[in-house]
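# Survey of secondary and tertiary structure
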Amino acid sequence: MKKQTKKRSPYIDIVKAVLIILVVIGHSIQYGSGPTYIEKQLFFDNNIFKFIYSFHMPLFIMISGYLSYSSLNKNNLKETVISKFKSLIIPILIWSIIPFFILLDYVNIITSIKLFLSVFSTNLWFLWSLFYINILVKIINKYFKDNIFIYILLFLITFVLPNNLIIKYFNIQFSLYSYMYFYFMLGYFYKKYNLEDKLKKFINCKTLIINTIIFILLLIPFSKDDYIYLTGINIIGNYKQIFTDLYRYLIGFIGSIEILLLVKYLTLKLNDKVKGTLTYLGKNTLGIYIVSSIIHPYLLPIITTNVSNINYLFVIIESIIIILFSIAVIELIKKNKILNKYLLGDK
């Protein structure tokens, strides 16, 4: 007789579906609005882009922290490293071959190797952050018994580390990983202390309204300097940066709560077909993220060369086509167990 396993709530997958749709829309705004929009980085001033980028990756990794809690406490350090290497690093390595050959325009072997290592170490940065953070958390879990003060200490240390030098000499996007670490821990401890049951009484319409007002007020002053990609995390020599950092962490948290609450209420009104579609997308976010990361920066700008400015109808059409194409590629990959294992990190 087979042992029954507890089915995961579709709510999590629906949240992930909403997030991956926003990721694709955000990248379509960035890469699918014509060469001028990319060269002058006008997307950073786009209000929809600001809205999406204020919270989307923080919430994604918050969910990852929540979902990773059980495996991180079940597996030992060696098992965790091997598992994450197989599911994250190998797909990054293989999918890095495509942008490498796109960028390659010379035959010097040494330079080519350096280029590939550069592409490999920066490609699919979100998966890299998942890898590093999972290993770090497992080390703290094993040797410090999840001591919360150790986690807080490491969080505080990230503000004084020389991020620019780390990027320069090690080609590691340390600021992004540090930023993600905070939100991963929120999800991890949310699960650890079973806060879901304890906070149920606060999940109501009044909470949603208050949170929405706070989020809108926080979003109004969001500017170019508030993107983690541009200003990083380092207060040494620039103590005003701490206000940018704290604001960025706060709006990421409030924005994440906003989406979690909105999806909670909206799922009650969705029919089963829509729920099923969103759940399916939510279960394939990794594949959509990987495939779209090739289409957006390398293919979409070529297709939209003649576009002179942002057109939201085009953005929506581009996003739908990219999601559908990504799903088609994913389904083809899934038909082969070996490809599914190495390209999508499936077990």
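You'll find the structure just up there.
The paragraphs below set out a description of the structure included in this document. These figures come from a predicted structure and were not determined experimentally.

Further remarks concern the nonpolar core. In terms of nonpolar packing, the biggest core is built from 89 residues, with Phe126, Leu127, Phe184 and Tyr188 touching the most fellow members. At 12 residues, helix 1 (residues 10-31) tops the list of elements feeding residues into this core. If we skip the residues at most four places from it in the chain, Tyr188 touches Gly65, Tyr66, Tyr69, Leu72, Asn73, Val137, Asn141, Asp146 and Tyr151.

You can see Thr285 is positioned in helix 17 (residues 285-298). You can call Thr285 buried: its relative accessible area is 8%. At 3.5 Å, the side chain of Thr285 forms a polar contact with the backbone oxygen of Gly282.

We now examine a nonpolar patch on the surface. Residues Leu153, Ile157, Val160, Ile236 and Tyr239 make up a contiguous nonpolar surface patch of roughly 480 Å² in combined accessible area. Relative to the assigned elements, Leu153 resides in helix 9 (residues 148-157).

Our focus in this paragraph is the packing of helix 1 against helix 15 (residues 241-266). Helix 15 packs onto helix 1 with a crossing angle of 120° between their chain directions and a minimal axis gap of 10 Å. When the axes of helix 1 and helix 15 are compared, the pair comes out oblique. Our pair here, helix 1 against helix 15, has a crossing hand that is right-handed. From helix 1, Tyr11, Ile14, Val15 and Val18 reach across to helix 15, where they touch Ile259, Leu260, Val263 and Lys264.

A positive phi is found at Leu124, a non-glycine position, where the angle reads about 55°. Following the sequence through the fold, Leu124 ends up in the loop between helix 7 (109-122) and helix 8 (125-143). The phi dihedral of Asn194 is positive, around 50°, even though this residue is not glycine. Within the element layout of this structure, Asn194 appears in the loop between helix 11 (174-192) and helix 12 (195-198).

Inspection of the entire model under this criterion finds 3 salt bridges. With its nearest N and O atoms 3.4 Å apart, the salt bridge here joins Asp146 to Lys192. Here Lys192 lies in helix 11 and Asp146 lies in the loop between helix 8 and helix 9, a separation of 46 residues in the sequence. Classification of Asp146 as buried rests on a relative accessible area of 4%. Taking the shortest distance from any N to any O, the salt bridge between Asp197 and Lys200 comes out at 3.6 Å.

Attention now moves to the packing of aromatic side chains. With the rule as written, the count across this model stands at 40 aromatic pairs. Ring geometry for Trp128 against Phe131: centres 6.5 Å apart, planes inclined by 85°, an arrangement best described as edge-to-face. One end of the pair is Trp128 and the other is Phe131, both in helix 8 and 3 residues apart, which spans about a single turn. Residues Trp128 and Phe131 agree in their burial class; the two are buried. Of the aromatic side chains, those joined through ring pairs into one cluster are Phe43, Phe44, Phe49, Tyr53, Phe60, Trp125, Phe126, Phe222, Tyr227, Tyr229, Tyr247 and Tyr289. The cationic tip of Lys192 hangs over the ring face of Tyr193; the distance from NZ or CZ to the ring centre is 5.8 Å.

Looking now at the environment of Thr111. Along the chain, Thr111 turns up in helix 7. For the pair Thr111 and Phe243, spaced 132 residues apart in the sequence, the C-alpha separation amounts to 40 Å.

Moving on, we come to the packing of helix 4 (residues 56-74) against helix 11. At a minimum axis separation of 7 Å, helix 4 and helix 11 run at an interaxial angle of 50°. As summarised for this structure, helix 4 and helix 11 are arranged oblique, according to the angle between their axes. For the pair helix 4 and helix 11, the crossing hand works out as right-handed. Within the contact between the two elements, helix 4 uses Met57, Pro58, Ile61, Met62, Ser64, Gly65, Tyr66, Ser68, Tyr69, Ser70, Leu72 and Asn73 and helix 11 uses Tyr179, Met180, Tyr183, Phe184, Leu186, Gly187, Tyr188, Tyr190, Lys191 and Lys192. Its residues placed into classes, the contact of helix 4 with helix 11 shows 14 nonpolar, 6 polar and 2 charged.

Taking 1.5 Å of rise per residue, 19 residues should cover 27 Å, and helix 8 covers 27 Å from first to last C-alpha, within 8% of that figure. Burial of helix 8 is extensive: 14 of the 19 residues sit out of reach of the surface. One or two positions beyond helix 8, positive phi appears at Lys145, with a value near 55°.

Attention now goes to the side chain of Asn284. With respect to the element layout, Asn284 can be found in the loop between helix 16 (272-283) and helix 17. The exposure class assigned to Asn284 is buried, which follows from its relative accessible area of 5%. Asn284 has contacts with Ile327, Ile330 and Lys334, leaving out every residue within four places of it along the chain.

Conventions we followed
Residues numbered from 1 in each chain as written. Predicted model: local features only at pLDDT ≥ 70, side-chain atom pairs only at ≥ 80, totals over all residues. Heavy atoms only, no water. Core = buried A, V, L, I, M, F, W, Y, C linked by side-chain atoms within 4.5 Å. Buried < 20%, exposed > 50% of the residue type's maximum accessible area, 1.4 Å probe, protein only. Helix = DSSP H or I, 4+ residues; strand = E, 2+ residues; numbered from the N terminus. Contact = heavy atoms within 4.5 Å. Polar contact = N/O pair within 3.5 Å; in protein donor to acceptor, adjacent residues only side chain to side chain. Patch = residues over 30% accessible without salt bridge, like charges linked within 9 Å, V, L, I, M, F, W, Y side chains within 5 Å. Areas by Shrake-Rupley, 256 points an atom, 1.4 Å probe, with all protein chains shown as cover. Salt bridge = Lys/Arg side-chain N within 4 Å of Asp/Glu carboxyl O. Axes fitted to C-alpha atoms, helices over the stretch in contact; angles between N-to-C directions. Parallel < 35°, antiparallel > 145°, perpendicular 65-115°, else oblique. Left-handed = near helix turned anticlockwise from the far one by under 90°. Phe/Tyr/Trp six-rings, centres within 6.5 Å; stacked < 30°, edge-to-face > 60°. Lys NZ or Arg CZ within 6 Å of the ring centre and 35° of its normal. Nonpolar A, V, L, I, M, F, W, Y, C, P; charged D, E, K, R; others polar. Expected span 1.5 Å × (residues − 1).

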